[in-house]
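# Descriptive analysis of the structure
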Amino acid sequence: METKWVKSPEGTIDKVAMAEAGRIIRAGGLVAFPTETVYGLGGDALSPDSSRKIYAAKGRPSDNPLIVHICRVEDMARIVREVPPQAYVLAEHFWPGPLTMIMKKADIVPPETTGGLDTVAVRLPNHEVALEFIREAGGFVAAPSANVSGRPSPTLAKYVYEDMDGKIEMLLDGGEVGIGVESTIIDLTEEIPVILRPGYITWEMLQEVLGEVCLDPTMLEHDRPEAPKAPGMKYKHYAPQGELTIVSGTSQNVQNEIRRLLQNDREQGYKTGVIVSSDEAWVYEADAVKVTGEKEDMAAVARSLFRILREFDDEKIDRMYVQAFAQDGIGQAVMNRILKAAGHKIIEV
Ligand code: AMP
Ligand code: MG
């Protein structure tokens, strides 16, 4: 199959391409599309066959459910058994936006889409191209991130193409995405809502709107006995081909340790990389010094993290280092992704 790559300059919508993308989905095909978080790999959420194709294209285990993307709040009621009152409150505050809600599924959603669960994940993205595409596609688009399972989520169309060329009918290119980490997932099937995956909508923001909100304890630790409630969170994720290590401690200690590790690696002939803020870039000598943004700008780290991990792969970097970030606000999402990318390898200094 040939993958048609359609570029639409920022802020524009190619109506003809949108109509074609919609037809592809309604005919059971797959289209990758931009959202505000990362690129999604879309298929008809109400078709078992389309969902099977998504799993095949990603090489994703079929017990790992897909998120159903909608373009109007009122469509939520058609795919869930009953809309809990909190869902309307959250929709009012955070939709369109990077928040996914888990609710009991309605019968029209096939088990193929939900990985066999009786719940469904629903999101209304905040991206013009995504919304127009979902509308053209019939209103219910199942979409995981558009990467091969285990690789960093794509934040640029070229990385979707790298992973999906020949496996999907079309790629809608909307440029670089704005947020860069996947949506926050909140489970509304429990009495007290539970965050299953941290994202740009933070725990603090959700508590402000809902009152008490729990965190899935498996989210930030790796040695918990129980399995995470979002099946996808149990898999190794976002891994670059080289070895990423997190260094945690006071900033002086972290700098000293990373410099020592880099020098050691270079002496052994490894290609080295480091992820830093602009003010610290001068501190390190490495083959690839990747700057996220200004110091303590966690949104910039979130936005650039997956792109940087992909660039490390492009440049065949063997050993990479990053400092540990404070786990509050969006730092929680950033650390969750970095810990997974590093296979939880963390050095305390
Ligand atoms: P991705 O689309 O790649 O961001 O992955 C979707 C994430 O949503 C995975 O971690 C899934 O396990 C999670 N997810 C989707 N549906 C459900 C559900 N019904 N219950 C719990 N987690 C879900
Ligand atoms: Mg993913």
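Scope of this entry: the structure provided in the associated data block. Every chain is numbered on its own, with residues counted from 1 as its sequence reads. Naming scheme: in the order in which they are written, chains are lettered from A and ligands are numbered from 1. Residues qualify for local features only when their pLDDT is at least 70, as the model is predicted, and side-chain atom pairs are given and counted only at 80 or more; totals for whole chains, interfaces and linings, by contrast, use all residues. No hydrogens and no water enter the side-chain calculation; it runs on all heavy atoms of the structure.

Our focus in this paragraph is the side chain of Asp44. Counting from the N terminus, the helices are the DSSP runs of H or I reaching at least four residues and the strands are the DSSP runs of E reaching at least two. Inspection of the secondary structure puts Asp44 in strand 3 (residues 40-44). Buried and unpaired, Asp44 has no salt bridge, with Arg26 as the nearest side chain of opposite charge at 8.2 Å. In this structure, Asp44 is in contact with Ile25, Ser50, Ser51, Phe140 and Ala142, ignoring residues within four places of it in sequence. Partly exposed residues are those whose accessible area sits between 20% and 50% of the maximum for their type, while under 20% is buried and over 50% is exposed, using a 1.4 Å probe and protein chains only. Charge counting follows a simple rule: Lys and Arg are positive, Asp and Glu are negative, and His as well as the terminal groups are ignored. The term salt bridge refers to a side-chain nitrogen of Lys or Arg lying within 4 Å of a carboxyl oxygen of Asp or Glu. Two residues form a contact once any of their heavy atoms are found within 4.5 Å.

Okay, the sheet that holds strand 12 (residues 243-248) next. A pair of strands is labelled paired if DSSP reports no fewer than 2 bridges between them. If you trace the five strands from one edge of the open sheet to the other, you get 14-13-15-12-16, paired in parallel fashion. Edge positions in the sheet fall to strand 14 (288-291) and strand 16 (346-348), since each has one partner strand and no second. Taken over all neighbouring pairs, the strand axes of this sheet differ in orientation by 20 degrees on average, direction set aside. Sheet topology note: the strand 13 (residues 272-276)/strand 15 (residues 319-323) ladder contains four bridges and is parallel. When the bridges of strand 15 are listed, Val274 appears paired with Tyr321. Sheet strands in contact with helix 8 (residues 251-267) are strand 12, strand 13, strand 15 and strand 16, and its direction is about 175 degrees off that of strand 15. Each axis is a line fitted through C-alpha atoms, taken for helices only over the stretch in contact, and angles between the N-to-C directions span 0 to 180 degrees.

Now for the pairing of strand 12. Extensive coverage of strand 12 is indicated by the burial of five of its six residues. Judged from the five bridges that link them, strand 12 and strand 15 form a sheet pairing that is parallel. Looking at strand 15, one finds that Thr245 is bridged to Tyr321. Sheet topology places strand 12 next to strand 16; three bridges connect them, and they run parallel. When the bridges of strand 16 are listed, Ile246 appears paired with Ile346.

Attention now goes to helix 2 (residues 48-58). Inspection of helix 2 places Ser50, Ser51, Ile54, Tyr55, Ala57 and Lys58 among the buried residues, and these make up the whole buried set. In an axial view of helix 2, the angular spread of the buried residues amounts to 165 degrees, which keeps them on one side of the axis. Looking at the buried residues of helix 2, the elements they touch are strand 3, strand 7 (141-142) and helix 6 (157-164). As used here, the arc is the angular range of directions from the helix axis to the C-beta atoms.

Let us look at the site of ligand 1. Summary of the distance rule: residues count as near a molecule or strand when at least one heavy atom falls within 4 Å of that molecule or strand. Taken together, 22 residues form the shell around ligand 1, and within it Asn64, Thr119, Pro144, Arg197 and Gly232 come nearest. Pairing of N or O atoms within 3.5 Å defines a polar contact, subject to two protein rules: one partner must be a possible hydrogen donor and the other a possible acceptor, and residues neighboring in sequence count only if both atoms are side-chain atoms. In the environment of ligand 1, an oxygen atom lies 2.9 Å from a nitrogen or oxygen atom belonging to the side chain of Asn64. Using a 1.4 Å probe, accessible areas were evaluated by the Shrake-Rupley method; residue-level cover was limited to the displayed protein chains. Coverage of ligand 1 by the protein chains reaches 95% of its 490 Å² of free accessible surface. Listed by contribution, the elements that provide at least two residues to the shell around ligand 1 are strand 6 (119-123) and strand 10 (194-197). For the shell around ligand 1, the element with the most residues is strand 6, which contributes three residues. Looking at side-chain class alone, the shell around ligand 1 contains 14 nonpolar, four polar and four charged residues. Only Asp, Glu, Lys and Arg are considered charged, only Ala, Val, Leu, Ile, Met, Phe, Trp, Tyr, Cys and Pro nonpolar, and every remaining residue, Gly among them, polar.

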